[in-house]
Amino acid sequence: MTPLTLYLAAPRGFCAGVDRAIKIVELALQKWGAPVYVRHEIVHNKYVVDGLRAKGAVFVEELDECPVDRPVIFSAHGVPKSVPAAAEARQMIAVDATCPLVTKVHNEAARHSEAGLQMVMIGHAGHPETVGTMGQLPEGEVLLVETVEDVAALNVRDPAKLAYITQTTLSVDDTAGIVAALNTRFPNILGPHKEDICYATTNRQAAVKAIAGKIDALLVIGAPNSSNSLRLVEVGRAAGCAYAQLVQRASEIDWRALEGIRSLGVTAGASAPEELVNEVIDAFRARFAVTVELVETAQENIEFKVPRLLREPA
Ligand code: 0K2
Ligand code: SF4
């Protein structure tokens, strides 16, 4: 068999927020029994969602699709303020699986707005995290920018009274460009003390950069609706890897495109389970004489507690 060096990025895969969100659904099923409703995919991964569905979770997009007498869980990406308010009005049991690092951004937006600043959000239009974060303030209060060009087109109330926040799963490098454009156009704009882009997003992108120069091809295991996974593909390409592809699992690998490669990079988005990484590696082992080399650029030991309600018996 042809030899292949497989550079395995670390950190990769599940982050602390995803771990916690999945645990919340599992504990809710244990506590209240099935069905438990989940508003939106708990994390953007079909394998995870299918696994929880098999245990009795029911996934819906809107709260009004849930019966009032069953618990509802809000996904890791966060929800607009109106959603928990509606659940309370309907007297539902609601558990919030929003990642604490997303909640931190929600709180920043609220704090700046109370201080009289108009908010600019750097994010992707329509992404549930952006919808949730913008929905912390009244409609129209948060201005969305997706690109450097959007910054030039911004129409603000008072250029001296502005603050910006970001989605947690953006490209670190692209965001730096947008932040620079904001600072140039609005020298007084306030930003987060440290990036809103989270540690997991930052670390996974740095690990891809560390392998991109060594490899003929990069596979990112993740879902097409997973922002952080898509960013890893872009980071791989921007760092010089000519072939960088997202795959949900081994069956999606385009073997034709990989003919003749001698080195491969493998990573996984924050919502992709390690089972799928192993499945992909095994698929390569069946076709190549694989040597795995771990490329570890950071160590992660962050853990988030589940809400108290789920630590108490039913
Ligand atoms: O990267 P995305 O925000 O699209 O979401 P997932 O793929 O579900 O990853 C978990 C991150 C959730 C919140 O930041
Ligand atoms: Fe939280 Fe970051 Fe994971 Fe999103 S990617 S769930 S913000 S740790």
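Residues numbered from 1 in each chain as written. Chains lettered and ligands numbered in written order. Predicted model: local features only at pLDDT ≥ 70, side-chain atom pairs only at ≥ 80, totals over all residues. Heavy atoms only, no water.

A.B. asks: Would you explain the overall build of the protein in this entry?
C.D. replies: Secondary structure summary: the protein contains ten helices and twelve strands in total. Relative to the globule expectation of 20 Å for 314 residues, the C-alpha radius of gyration of the protein, 21 Å, shows essentially globular dimensions. Along the first, second and third principal axes, the C-alpha atoms of the protein reach 65 × 55 × 30 Å. The buried share of the protein, reckoned over its 314 residues, is 51%. (Helix = DSSP H or I, 4+ residues; strand = E, 2+ residues; numbered from the N terminus. Rg over C-alpha atoms; globule rule 2.2 N^0.38 Å. Buried < 20%, exposed > 50% of the residue type's maximum accessible area, 1.4 Å probe, protein only.)

A.B. asks: Help me out: how do you make sense of the domain arrangement of the protein in this one?
C.D. replies: By a frequent convention, interface size equals the accessible area lost on bringing the separate parts together. Structurally, the protein comprises domain 1 (2-14 + 199-296), domain 2 (16-99 + 304-311) and domain 3 (101-185). Each of domain 1 and domain 2 has a C-alpha centre, and these two points are 30 Å apart. Facing 13 residues of domain 1, the contacting portion of domain 2 comprises eleven residues. Summing both sides of the interface, domain 1 and domain 2 together bury roughly 960 Å²; the carbon and sulfur share of this comes to 58%. In terms of surface lost to domain 2, no three residues of domain 1 exceed F14, N225 and S271, which account for 47% of the buried area on that side. In this assembly, domain 1 and domain 2 are joined by zero salt bridges. On inspection of domain 1 and its partner domain 2, the count reaches five residue pairs in polar contact (both at pLDDT 80 or more). The residue makeup of the side of domain 1 that touches domain 2, split by class, is seven nonpolar, four polar and two charged. (Domains from an automatic or database assignment. Contact = heavy atoms within 4.5 Å. Buried area = accessible area lost by both parts, 1.4 Å probe. Salt bridge = Lys/Arg side-chain N within 4 Å of Asp/Glu carboxyl O. Polar contact = N/O pair within 3.5 Å; in protein donor to acceptor, adjacent residues only side chain to side chain. Nonpolar A, V, L, I, M, F, W, Y, C, P; charged D, E, K, R; others polar.)

A.B. asks: How should I be thinking about the nonpolar core in this particular structure?
C.D. replies: Soluble globular proteins: nonpolar side chains tend toward being buried together. Among the nonpolar cores identified, the biggest contains 31 residues, and V25, I42, V43, L52 and I73 are the most heavily contacted of them. A per-element tally of this core places helix α1 (residues 16-32) first, with eight residues. Apart from residues lying up to four places away in sequence, V43 is in contact with V18, A21, I22, V48, V49, A76, H77 and S271. By size, the runner-up hydrophobic cluster in this structure holds 23 residues, among which are L219, A250, I261 and V266. (Core = buried A, V, L, I, M, F, W, Y, C linked by side-chain atoms within 4.5 Å.)

A.B. asks: Could you clarify how one ought to interpret α1 in this entry?
C.D. replies: Three or four residues apart is the spacing at which side chains of an α-helix point the same way, because the helix has 3.6 residues per turn. Taking 1.5 Å per residue, 17 residues should reach 24 Å; α1 reaches 24 Å between its end C-alpha atoms and fits that length. Among all positions of α1, only A16, G17, V18, R20, A21, I22, I24, V25, A28, L29 and K31 are buried. With its phi angle positive at about 75°, G33 sits one or two positions after the end of α1. (Expected span 1.5 Å × (residues − 1).)

A.B. asks: Is there a simple way to think about the site of ligand 2 in this case?
C.D. replies: The environment of ligand 2 is formed by C15, G17, C99, L101, V102, T168, C198 and Y199. When grouped by side-chain class, the residues that make up the shell around ligand 2 number six nonpolar, two polar and no charged. (Near = heavy atom within 4 Å.)

A.B. asks: Looking at this structure, I do not really get the sheet that holds strand β8 (residues 162-166). What am I missing?
C.D. replies: The strands that make up a sheet are held in pairs by hydrogen bonds between backbone atoms, and each pair lies either parallel or antiparallel. Across the sheet, which stays open at both edges, the three strands sit in the order β7-β6-β8 with parallel pairing between neighbours. For this open sheet the edge positions go to β7 (142-145) and β8, each flanked by a neighbour on one side alone. Adjacent strand axes in the sheet meet at a mean angle of 30°, parallel and antiparallel pairs treated alike. Here strand β6 (residues 118-122) runs beside β8; their pairing, made up of five bridges, is parallel. Bridging across to β8, V120 finds its partner in Y164. Where helix α4 (residues 100-114) meets the sheet, its contacts fall on β6 and β8, and the angle it forms with β8 comes to roughly 170°. Of the strands in this sheet, β6, β7 and β8 are in contact with helix α7 (residues 172-185), which crosses β6 at around 150°. (Pairing = 2+ DSSP bridges. Axes fitted to C-alpha atoms, helices over the stretch in contact; angles between N-to-C directions.)

A.B. asks: Mind showing me how you'd approach the site of ligand 1 here?
C.D. replies: Taken together, 15 residues sit near ligand 1, with H44, S226, S227, N228 and S271 positioned nearest. Between an oxygen atom of ligand 1 and a side-chain N or O atom of H127, the distance comes to 2.8 Å. In the model, an oxygen atom of ligand 1 is placed 2.7 Å from a nitrogen or oxygen of the N228 side chain. Protein chains shield 96% of the accessible area of ligand 1, which is 360 Å² for the free molecule. When grouped by side-chain class, the residues that make up the shell around ligand 1 number four nonpolar, ten polar and one charged. (Areas by Shrake-Rupley, 256 points an atom, 1.4 Å probe, with all protein chains shown as cover.)

A.B. asks: Could you clarify how one ought to interpret the sheet that holds strand β11 (residues 263-268) in this entry?
C.D. replies: Spatially, the five strands line up as an open sheet ordered β10-β9-β11-β1-β12, and their pairing is parallel. With partners counted over all chains shown, the strands left at the sheet margins are β10 (243-247) and β12 (289-296), one partner each. Averaged over neighbouring strand pairs, the angle between their axes works out to 25° when direction is ignored. In this sheet, β10 lies alongside strand β9 (residues 217-221) in parallel orientation, the contact comprising five bridges. The partner of I221 across the bridge, within β10, is V247. Across the sheet, helix α9 (residues 227-238) touches β9, β10 and β11, and the angle it forms with β10 is around 170°.

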